[in-house]
Amino acid sequence: MTNTRKGAKTQRLSIRGSVTRAWLLFTFLSSLFTLPASASPRTTVESASSTQPNIITIITDDQGWADIGYNNPGKVYTPNLDALAAESALCTRHYSMPQCTPTRIAAFTGRYPGRFGNAGLAASNEPVFPHGTLNLATFLKANGYQTYLSGKWHMGASEPHGPHHHGFDSSYGSYAGAVGYYDHRYRPGTREEITWHRDGKIIEGYENGKHVTDLVSDEAVRIIEENKESDQPFFLYLAYHAPHTPLDERGDFVDTPTQLDPDNPKRWLNEDKIKWFNDPKGIIQSEPDPEKRLFLAVIHHLDHGIGQVIKALDESGQRDNTLILFSSDNGPQVNWPGNAYPDDLKLTDFNQKIPFRGKKCDAYEGGIRVPGFVHWRGKIPARKVDSPVHVVDWLPTIAGFIGAKLPPADDGAKTKSSGEVQAPPADDGAKTRSSGEVQALPPLDGQNNSALYLTKADPPTRVIYQLWGRPGKRWALSLGNWKIVYYGKKEPKQADWHLYDLIQDPKESNNLAQKYPDKIIQLHQLFVTERAKDRKTKSNL
């Protein structure tokens, strides 16, 4: 049986690893039913293509609001990202979670990370959701897509909890989080140190000697070229390690880790001969701070890699039928003590200055308001979108773009009277009732923004919920322009909150809690509702 983009379709799923009962039932049902065109679950949305688009989600690592050219012109050299953003729905209030793993959980599953337990509320190499959890890869695979990962996984840093067990046909990169840019190891001496893999197997030698951004980009280009004649659309989860530390740009001097020139401590060794430090506009060299220059060089290299991916789409004739969603995973790191990863420098104040309070791991805007846009050339109008959106919206929004229905959270795989096979449910596989039945998660937290991007229709005012730390240290919730914030280990009470008006005070410097007590009451009750949906367990399994 094969999947095609048009006409009658037969669903086929390849299931790897441990799966829930619902997945097994879904696989059995999908082998029995050939769907007539009128019953296809992959109907198109108005204004979208009659064929399913390829889908690429791009996540960069620690790229703050101002670490991209279109938010900081003349200070950051990112011509490829800027050009892509100029043809996109550019989100001015685009939110992530405060740190890497929590953001990836939200983007990948359509649920806030606390819904699975405490393990994923901060950066973690532990498994952060059970096998069988509905996610981008499983959902798109159930709708006829080939599924690929290139780059950073960081949602379970061992093979039994790796990408192959969560819907990917092929995966390449690191199981764990940040890696040395040239030797591709995680933190030396840890159990996750050896992490560079392809399709569930560690790559011998870890491809030592080539920059991680080049490896991840080259893999993405290979996938695009491999699929140019395919009858199936592809989904590529493209997760870059840059610009997370350890910052390292060696150019042709691959055996010489980045270091200051002993004869000129305000310059990096070989800086004049390394192209990533020398953009054609001279932006990077105009920065007097060497640590900021190094970071800008890493961003330049990252932008070039993304440019190669877009070039591959253009040259293979797939650009106009490819939906691209872009986001950073959190705000800027700002300072770094070094010595955690291979060839890891100590760095101070190395990001670009942002117009918000906070940084990475903060629930203030600086930690969670990040660069983001949605691109589909010829389908999505180029404009600014000021409505608040979040990476947790990616799954339902993508479902909206391809016209595929998401399953209810508490259902098993079903067939409709028409014979349509629905995608598997969002079972968490973690808790079982006495009968052995899988306990389902609450409904998805994300909202479908496809109409917002396609037709400029503003969505209703929505809640955005933030929680960082295990079990919780930094808490926030916003509704429209109003936001409450609390820092503390205990569960926040109504009197604990600070209140900010994000439109009048985007830097969150003027606490209005005393002036607007009714607003505190309203937002606290919304917080209580959201917090009640979280699993307050140490393990997410």
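All values derive from a computational prediction rather than experimental measurement.

Undergrad: For unusual backbone geometry, give the residues involved together with the corresponding values.
TA: Residues A242 and P243 are joined by a peptide bond in cis, for which omega reads 0°. Mapped onto the elements, P243 comes out in the loop between β10 (234–239) and β11 (260–261). Of note, the phi angle at E207 is positive, near 55°, even though the residue is not glycine. In this fold, E207 is placed in the loop between β9 (201–202) and α5 (212–226). Despite not being glycine, V334 shows a phi value in the positive range, around 75°. When you line up the elements, V334 lands in the loop between β13 (322–328) and α7 (365–368).

Undergrad: I'd like a rundown of the sheet that holds strand β21 (residues 482–487), residues and numbers included.
TA: Strand pairing in a sheet takes place through backbone hydrogen bonds and is either antiparallel or parallel in direction. Reading across the sheet, the four strands line up as β19-β20-β21-β22 and stay open at both edges, with antiparallel pairing between neighbours. Among the strands making up the open sheet, the edge pair consists of β19 (463–468) and β22 (498–501). The sheet shows a mean angle of 15° between the axes of neighbouring strands, direction not considered. Alignment of β21 against β22, held across four bridges, turns out to be antiparallel. Across the sheet, the residue bridging to W482 is D501, located in β22. Helix α10 (residues 517–531) rests against β19, β20 (474–479), β21 and β22 of the sheet, and its axis sits at about 115° to β20.

Undergrad: Explain the packing of aromatic side chains residue by residue, including any values.
TA: In total, this model carries 26 aromatic pairs according to the counting rule given. Seen from their ring centres, Y186 and Y341 are 5.8 Å apart, and the 65° between their planes marks the pair as edge-to-face. With Y186 in the loop between β7 (170–174) and β8 (196–198) and Y341 in the loop between β13 and α7, the pair connects residues that are 155 residues apart, well separated along the chain. Note on Y186: relative accessible area 9%, which makes it buried. Taking the relative accessible area as the measure of exposure, Y341 reaches 7% and is therefore buried. Taken together, a centroid distance of 5.5 Å and an interplanar angle of 55° make the contact between F295 and F350 tilted. With F295 in helix α6 (residues 290–315) and F350 in the loop between β13 and α7, this residue pair connects regions lying 55 residues apart in the sequence. Using a relative accessible area of 1% as the deciding quantity, one classes F295 as buried. The class for F350 is buried, based on a relative accessible area of 1%.

Undergrad: How would you explain the packing of α5 against α6 if you had to name every residue and give the values?
TA: Interhelical geometry of α5 versus α6 gives an angle of 10° and a closest axis separation of 9 Å. The orientation of α5 with respect to α6, classified from their angle, is roughly parallel. Between α5 and α6, the contacting residues are T213, D214, S217, A220, V221 and I224 on the first element and H301, L302, G305, I306, Q308, V309, A312 and L313 on the second. Looking at the contact of α5 with α6 residue by residue, the class counts come to eight nonpolar, five polar and one charged.

Undergrad: Mind laying out the pattern of salt bridges, listing which residues take part and the relevant values?
TA: Using the criterion set out here, one finds 35 salt bridges in the structure. Two residues, D362 and R474, come together in a salt bridge whose shortest N-O distance is 3.6 Å. Here D362, found in the loop between β13 and α7, pairs with R474, found in strand β20; they are 112 residues apart in sequence, far enough to count as distant. According to the relative accessible area criterion, R474 is partly exposed, its value standing at 24%. Shared partners join several salt bridges into a network, and the residues in it are R115, D445, E491, E530, R531, K533 and D534.

Undergrad: Help me get a handle on the packing of helix α2 (residues 79–86) against α6, residues and values and all.
TA: With their axes 7 Å apart at the nearest point, α2 and α6 run at an angle of 50° to one another. Comparing their axes, α6 and α2 come out oblique. In this structure, α2 uses P79, N80, L81 and L84 to contact α6, whose residues at the interface are D303, H304, I306, G307 and I310. Residue composition of the contact of α2 with α6, by class: five nonpolar, three polar and one charged.

Undergrad: Describe the pairing of β21, and please don't skip the residues or the numbers.
TA: With five of six residues buried, β21 lies mostly within the body of the structure. Pairing analysis gives six bridges linking β20 to β21, with the strands arranged antiparallel. For L479, the partnering residue across the bridge sits in β21 and is W482. Linking β20 back to β21 in an antiparallel pair, the connection comprises two residues, with G480 at a positive phi of about 65°.

Undergrad: Go over α6, please, and point to the residues and values.
TA: For an α-helix, the turn length of 3.6 residues means that residues three or four places apart are oriented alike. Along its 26 residues, α6 runs 37 Å from first to last C-alpha, staying within 8% of the 38 Å computed at 1.5 Å per residue. By the criterion of burial, α6 is predominantly enclosed, with 21 of the 26 residues buried. Two to three positions downstream of the cap, the backbone nitrogen of E291 sits 2.8 Å from a side-chain oxygen, assigning the N-cap of α6 to D289.

Undergrad: Explain the sheet that holds strand β6 (residues 146–152) to me, and be specific about the residues and the numbers.
TA: Here we have ten strands laid out as an open sheet, ordered β9-β8-β7-β6-β10-β3-β13-β14-β4-β15, and mixed in their pairing. The two strands at the open ends of the sheet, each matched to only one other strand, are β9 and β15 (383–385). For strand β3 (residues 54–60) and β10, the ladder comprises five bridges, and the chain directions are parallel. By the bridge assignment, I58 is partnered in β10 with L238. With respect to the sheet, helix α3 (residues 100–109) is in contact with β3, β6 and β10, its orientation differing from that of β10 by roughly 165°.

Reading the values: rules and limits
- Residues numbered from 1 in each chain as written.
- Predicted model: local features only at pLDDT ≥ 70, side-chain atom pairs only at ≥ 80, totals over all residues.
- Heavy atoms only, no water.
- Helix = DSSP H or I, 4+ residues; strand = E, 2+ residues; numbered from the N terminus.
- Pairing = 2+ DSSP bridges.
- Axes fitted to C-alpha atoms, helices over the stretch in contact; angles between N-to-C directions.
- Contact = heavy atoms within 4.5 Å.
- Phe/Tyr/Trp six-rings, centres within 6.5 Å; stacked < 30°, edge-to-face > 60°.
- Buried < 20%, exposed > 50% of the residue type's maximum accessible area, 1.4 Å probe, protein only.
- Parallel < 35°, antiparallel > 145°, perpendicular 65-115°, else oblique.
- Nonpolar A, V, L, I, M, F, W, Y, C, P; charged D, E, K, R; others polar.
- Salt bridge = Lys/Arg side-chain N within 4 Å of Asp/Glu carboxyl O.
- Expected span 1.5 Å × (residues − 1).
- Polar contact = N/O pair within 3.5 Å; in protein donor to acceptor, adjacent residues only side chain to side chain.

Nothing here speaks to function; it is all geometry.
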